2 protein chains.
Amino acid sequence: MTTLQDCLARDAQDPLRGLRKLFKLPEGVIYLDGNSLGAMPVAAAARVVQAVTQEWGQGLIRSWNSAGWFELPQKLGNKIAPLIGAEAGEVVATDSTSINLYKVLSAALQIAGQDAPKRSKVVSERSNFPTDLYIAEALCRQRGYDLHLVDSDRIEAALADDTAVLMLTHVNYRTGAMLDMAHLTAQARAAGALTVWDLAHSAGAVPVHLHAAKADFAVGCGYKYLNGGPGAPAFVWVHPRHADRFWQPLAGWWGHAAPFEFTPDYRPAPGISRYLCGTQPILSMTALECGLDAFVAAEAVGGMQAVRAKSLALTDLFIALVEERCAGHGLGLATPREHGRRGSQVCLTRKHGAYAIVQALIARGVIGDFRAGASILRQAQDRPGSARTDDHDILRFGFTPLYTGFADVWNAVEQLRQVLAGSEWERPEFNQKHAVT
Amino acid sequence: MTTLQDCLARDAQDPLRGLRKLFKLPEGVIYLDGNSLGAMPVAAAARVVQAVTQEWGQGLIRSWNSAGWFELPQKLGNKIAPLIGAEAGEVVATDSTSINLYKVLSAALQIAGQDAPKRSKVVSERSNFPTDLYIAEALCRQRGYDLHLVDSDRIEAALADDTAVLMLTHVNYRTGAMLDMAHLTAQARAAGALTVWDLAHSAGAVPVHLHAAKADFAVGCGYKYLNGGPGAPAFVWVHPRHADRFWQPLAGWWGHAAPFEFTPDYRPAPGISRYLCGTQPILSMTALECGLDAFVAAEAVGGMQAVRAKSLALTDLFIALVEERCAGHGLGLATPREHGRRGSQVCLTRKHGAYAIVQALIARGVIGDFRAGASILRQAQDRPGSARTDDHDILRFGFTPLYTGFADVWNAVEQLRQVLAGSEWERPEFNQKHAVT
C-alpha cells in the first residue's frame, strides 16, 4: 500500500517541484480543477497592476507602441508554439476558443469547397466539447454541410470520400481520454480530409506535435492548463500551407496587412496574423503571458516531457489510490488506463450521488468538478431528441504538474475516502507542513 | 478674446467637475484622445487586483458563481443600456466591436434574406470606420450581397428597393461628424431596409436613442468614451423584435439556453444572451465595469444630457480658440460646426506637416492623434484601386466631459499655437495649480 510518506518522498525528488512556488493557491486547498481554470501565477497580480496603472493610466494611448500592446497576440503566440509543436510566427493568442474555431473551420470548409467540392460532411465526436459542436452546427447549416457525429471508437470508420473535415478535441473534457492525433490525422489525410484540432485540454497538459502529425488547423484555450486567468484569450494555429490561402470570415482591422492605413478595402496580413479580428483585451492578455512564462521556466527542468511524465505519475497514483482506498463505493473509471490514451485528468463515474460527493470535497478544500451524465439523461427523458449521454455522472479531477504534488494526490484521495465512508472530516496537515514548499 | 481666466471660471461652475477625480491622468498631460482609449478610472487598479488575487487566486473556479463572473456580460450590458436608449436586458458586453458587428450584420442579412430576398445591397458610408467595412465586405462576399459605399451626403439617396441593410457609424472616427440617427433610420425603414448602427464614437459621448429611432441593431466599443481599458470588451444590442428570431452564426456555449447541460445540440438562449459566444476575458470585463460606473456617478449631476452640453461647450471653445489664436497656419476644420452634426471630437485638417504637429504636441503633454489623409493618398497613387481619401491629413482631438475641463482646452490650444509659431515650449502651469482638482 502506498503511504503519505511515499508520496512526500516522491515530491522531494520531483524535478518540477520548484515550479510550485510560481503559483499562488489558497491555503488548505488541493486544486484539482486546473483543467477548467488554471491557478494564478504569483507574477500575475503585479504584472496586471503595472498594465493598469502604468501602461494604461500613465502611458495611455502611447502604450499601444511603447508597451508593445499591438504585438501581444504574436508575442504570446510564440510562447504557445513550442507547447503544441508549432513554429514561431505560426500562432496568435486572440479571442475565444469558440470564435477561433469558427475562423479555422470556416477556412477549412472554404478550402474543401474549392479542392473537393463534392465532399459534404464534417465528422466529429459525439462527446466533443459542446461549444465546438455548436459552432460546427452553425457553420454546417450556413454552408450546407452535414455534421456527422460518431462515438470515439467509430471516428476512423466514419472517414470516407465524402468527408471534408475531421474536427476533434484532442483530450475529451468529460472523460480525460486522449485521441491519437498522429494516427487520426494520417487517416484523415489518407481519406482526403482536412483536420481541425481543439487543444483546450491538451496544450500545456500533454506534449502536442501539430507539425509532426501534419495537422491542418488547431485552436486552444488560454485559461485551463496555460493558467492565463478567467476567460483568458485563446489561441489559433494554421499550417503555413493554408495560412495565406483565404480570408477568414472575421476579417477585422487587426488582421489587416496595414491596419493604420485605414483603407476602406480589406487586405489580409500575411500568415497567421490575418486570423486576428478586433482589438484584444490587453489586461487579460497580460495575465495570460504570466501563465505562459511558467512554461518558459519549466523548460529549464525538462519542459513538456517532464510535465507529461509527472502528469502520468500523478494520474497513475490517483487511480491506484482510489482503487486501494475507495473500493466498494460504486466508483468507476472513465479515463483510460493506457498512458497513450490519457490526458492529464482522471474522471470517476458514479450512478448516483456524484454531485454531493464533489460538493463535500469542495467543502473540505479538495476542488474538482462534477459533470452530469445520469442527471442529464433523467432530464432528457422529458425532452425527446435531446442529448444522448452516459447514464453515469462524472467526478472530474485535473492534475496540473506545475503546481500539484504527489502528497496532494494522497490527501485528495484520503478526503474522498472519508466522504464516501461518511467520516468526520480529518483535516489534512500536509498543506502547511509538507507539500506547499 | 477668451482668456484662461474665463476658462477657469467655467471649470469652477461646471456641474460635472467633481467627476474628474474619478479618473487618474498623468501629471502634465492634457488628454484629448479619449475617443481612442479612455483614461483610467481611479477605481480600476484596486478592482482588477481584487479580481486577480481574490477572485482568481483565492476563489479559483468557484468565482464563476461566487464572484458573478457568468453574469458580467448582462450586468455590464445593463449599465450600458441607458447610455444608448436601450432597456435593461437588451445589451450584453462581450467580444470586440468587429466580432459583434459580424453577429448583427449576419443576423440582419438573414432577416433580409427571409423577408426581402430580392434586396441585394448593404449600403454604408465610404468613410465608415475601416474594420466595419472589412467585416461587411467579408460577409457580403460570403452571402452574395453587394456592399455599396457612398459619401455621407449621398446616404439617403442610396436607399432604394434593393437595399437590404443600412450599416452606419453614428459619429465618424475621422471627422467627428455625427449622422442623424433618427432621420436616417426612418428613411431606411421607409425604404424597407434594416439598420445596423456602430456607436463606437457615440456611446458615452452623445446621448443615443436606439428605441426612439426604431433602430434594429447596434454595436459599440468599451475602451473609447466608456473608459473600459485597453481592448475592453465591446457591446451589442438587438431590438427585441429580432432578438429571438435567429441564431447568430457565432453560436458558442455562452449563448446556449442551458450552457451547463453540455448537450451536443445548440439551443439559443432567449433574447440578447444568444449574442454571446465563448468565455469572456474577466479581468478586462472587470476594468470595463469601473469605466461604466463613472456614468452611474454622472447620473447624479445631470447624466448624458449634462455630458452632451459640456461636450458641445468644450468643442465650441476649442474651435473658437483655434480660430482666434492659430489663424494663418493652414488649419482647416473637418468637424461640423452645427451642434446636431457634431460628435465629441474636433478634427483639424492640414495639407502638410500634421504628423509633426501632433508629435510635437504629444511631446508637450497634449495628446491628440494623427489620421492620415494626404499621406495615404500619396501612397495610394502607387497602388491603383486602393483607398480614395481626403487630400488633407487630420489632427484629431477628442473631448471627454467626464475628465476634460475648459482650462484644459485653453492650454491645449496655447500649446498648439506655440508649436505652429515655432515657439519655445512655455510649460503650462495649470496642471498642478488649477485644472486638476
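Cut-off values and rules
- Along every chain, residues carry numbers that run from 1 in the direction the sequence is written.
- Each chain gets a letter, beginning with A, and each ligand a number, beginning with 1, in the order they are written.
- The model is predicted, so local features are restricted to residues of pLDDT at least 70 and side-chain atom pairs to those at 80 or more, both for listing and for counting; the totals for chains, interfaces and linings are taken over all residues.
- Side-chain calculation: all heavy atoms of the structure are included, whereas hydrogens and water are not.
- UniProt positions are given in the numbering used here, feature names are shortened, and annotations may be inferred rather than shown by experiment.
- Two strands form a pair only when DSSP identifies at least two bridges running between them.
- Where helices and strands are cited, they refer to DSSP runs of H or I of at least four residues and of E of at least two residues respectively, numbered from the N terminus.
- For every element, the axis is a line fit to its C-alpha atoms; helices are fit only across the contacting stretch, and the angle between N-to-C directions ranges from 0 to 180 degrees.
- Whether two residues are in contact is decided by their heavy atoms: any pair within 4.5 Å suffices.
- Start and end points for every domain follow an automatic or database-based domain assignment.
- Here's the idea: put two parts together, see how much 1.4 Å probe accessible area each one loses, and the total over both is what we call buried area.
- When a carboxyl oxygen of Asp or Glu is within 4 Å of a side-chain nitrogen of Lys or Arg, the pair counts as a salt bridge.
- Side-chain atoms alone can form a polar contact between residues adjacent in sequence; in general such a contact is a pair of N or O atoms within 3.5 Å, and within protein one must be able to donate a hydrogen while the other accepts it.
- Only protein chains enter the area calculation, which uses a 1.4 Å probe; residues under 20% of their type maximum are buried, those over 50% are exposed, and those in between are partly exposed.
- What the arc covers is the set of directions going from the helix axis to the C-beta atoms.
- Side-chain classes are defined by residue name, with Ala, Val, Leu, Ile, Met, Phe, Trp, Tyr, Cys and Pro counting as nonpolar, Asp, Glu, Lys and Arg as charged, and the others, Gly among them, as polar.

Taking an unreviewed UniProt entry as the reference, chain A is identified by name as Kynureninase belonging to Caenimonas terrae. Under the heading Function (unreviewed entry), UniProt records this for chain A: "Catalyzes the cleavage of L-kynurenine (L-Kyn) and L-3-hydroxykynurenine (L-3OHKyn) into anthranilic acid (AA) and 3-hydroxyanthranilic acid (3-OHAA), respectively."

Explanation requested: the sheet that holds strand β6 (residues 146–150) of chain A in the structure shown.
Pairing between the strands of a sheet comes from backbone hydrogen bonds, and it takes one of two forms, parallel or antiparallel. Residue and element names in this part refer to chain A. Reading across from one edge, β4-β10-β9-β8-β7-β5-β6 is the order of the seven strands in this open sheet, with mixed pairing throughout. Bordering the open sheet on either side are β4 (91–94) and β6, each of which pairs with just one other strand. When strand polarity is set aside, the average angle formed by the axes of neighbouring strands in this sheet is 20°. Strand direction decides the pairing type here: strand β7 (residues 163–169) and strand β8 (residues 194–198), joined by five bridges, are parallel. Across the sheet, residue M167 finds its bridge partner in β8, namely V196. In this fold helix α4 (residues 72–80) packs onto β4 and β10 (234–238), with an angle of close to 120° to the strand it touches most, β4. Taken strand by strand, helix α5 (residues 97–115) contacts β4, β5 (121–125), β7, β8, β9 (217–220) and β10, and its axis lies near 170° from that of β9.

Quick question: what am I supposed to make of the domain arrangement of chain A here?
Often the size quoted for an interface is simply the accessible area lost on bringing the parts together. Residues and elements named next belong to chain A. One can read the domain layout of chain A as domain 1 (4–32 + 303–435) and domain 2 (48–297). Once you take the C-alpha centre of each, domain 1 and domain 2 turn out to be 29 Å apart. When the two sides are added together, the surface that domain 1 and domain 2 hide from each other amounts to roughly 2,000 Å², 58% of it contributed by carbon and sulfur. Where domain 1 packs against domain 2, one counts zero salt bridges. Taken together, domain 1 and domain 2 are joined by seven residue pairs in polar contact (both at pLDDT 80 or more). Mapped by element, the contributors of at least two residues to the side of domain 1 that touches domain 2 are α12 (303–325), β12 (345–350) and β15 (393–398). Of the residues forming the side of domain 1 that touches domain 2, the biggest block, five residues, is contributed by α12.

Help me understand helix α4 (residues 72–80) of chain B, please; the structure alone is not making it clear to me.
Because an α-helix completes one turn every 3.6 residues, residues spaced three or four positions apart along the sequence face the same direction. All names here are of chain B. Among all positions of α4, only L72, P73, L76, G77 and I80 are buried. Projected onto a plane normal to the axis of α4, the buried residues spread over an arc of 130° and lie on a single side. Along its buried surface, α4 packs onto β4 (91–93), β10 (235–238) and α11 (282–298).

Can you help me understand the UniProt feature "modified residue: N6-(pyridoxal phosphate)lysine" (unreviewed entry) in chain A in this one?
All names here are of chain A. Within the UniProt annotation, "modified residue: N6-(pyridoxal phosphate)lysine" (unreviewed entry) is assigned to K224. For K224, a relative accessible area of 10% puts it in the buried group. Excluding anything up to four places from it in sequence, K224 contacts G34, N35, S36, G38, A200 and H201.

Can you walk me through the environment of A:W64 in this structure?
Along the polypeptide, A:W64 turns up in helix α3 (residues 63–66). Considering only alpha carbons, one finds A:W64 and A:I282, 218 residues apart in sequence, at a separation of 9.7 Å. Sequence-distant contacts of A:W64, that is, excluding residues within four places in its chain, are made with A:W69, A:F70, A:W254, A:T279, A:I282, B:P230 and B:G231.

I tried to follow the sheet that holds strand β8 (residues 194–198) of chain B on my own but got confused; where do I start?
All names here are of chain B. The seven strands are arranged β4-β10-β9-β8-β7-β5-β6 in an open sheet whose pairing can be described as mixed. Each edge of the sheet is formed by a strand with only one pairing partner; in this case those strands are β4 and β6 (146–150). Here the strands of the sheet are splayed against their neighbours by 15° on average, with no regard to which way each runs. On the sheet, helix α5 (residues 97–115) packs against β5 (121–125), β7 (163–169), β8, β9 (217–220) and β10 and is oriented at approximately 170° with respect to β9. Contacting β5, β6, β7 and β8, helix α6 (residues 130–143) runs over the sheet at an angle of about 150° to β6.

Teacher, can you tell me more about unusual backbone geometry here?
Apart from glycine, the bulk of residues carry a negative phi angle, and the bulk of peptide bonds sit in the trans form. Notably, A:N227 is not glycine yet its phi reads approximately 60°, a positive angle. By the secondary structure assignment, A:N227 is in the loop between β9 and β10. Since its relative accessible area comes to 0%, A:N227 is described here as buried. Positive phi is not limited to glycine here, since B:D95 has a value of about 50°. Along the polypeptide, B:D95 turns up in the loop between β4 and α5.

Is there a simple way to think about the interface of chain B and chain A in this case?
Each partner contributes residues to the interface: chain B has 81 residues there, and chain A has 81 residues. When chain B packs against chain A, the two sides together hide about 7,000 Å² of surface, and 70% of this comes from carbon and sulfur. Among the residues chain B hides against chain A, the three largest losses belong to B:W56, B:Y134 and B:F262. Together they make up 11% of the total. For the interface between chain B and chain A, the tally reads zero salt bridges. Connecting chain B to chain A are 17 residue pairs in polar contact (both at pLDDT 80 or more). Put simply, the parts of the chain that give the side of chain B that touches chain A at least two residues each are β3 (40–41), α2 (43–59), α5, α6, α11 and α14 (374–380) of chain B. No other element matches the 10 residues that α6(B) contributes to the side of chain B that touches chain A. When the residues that make up the side of chain B that touches chain A are grouped by side-chain class, the tally is 46 nonpolar, 22 polar and 13 charged.

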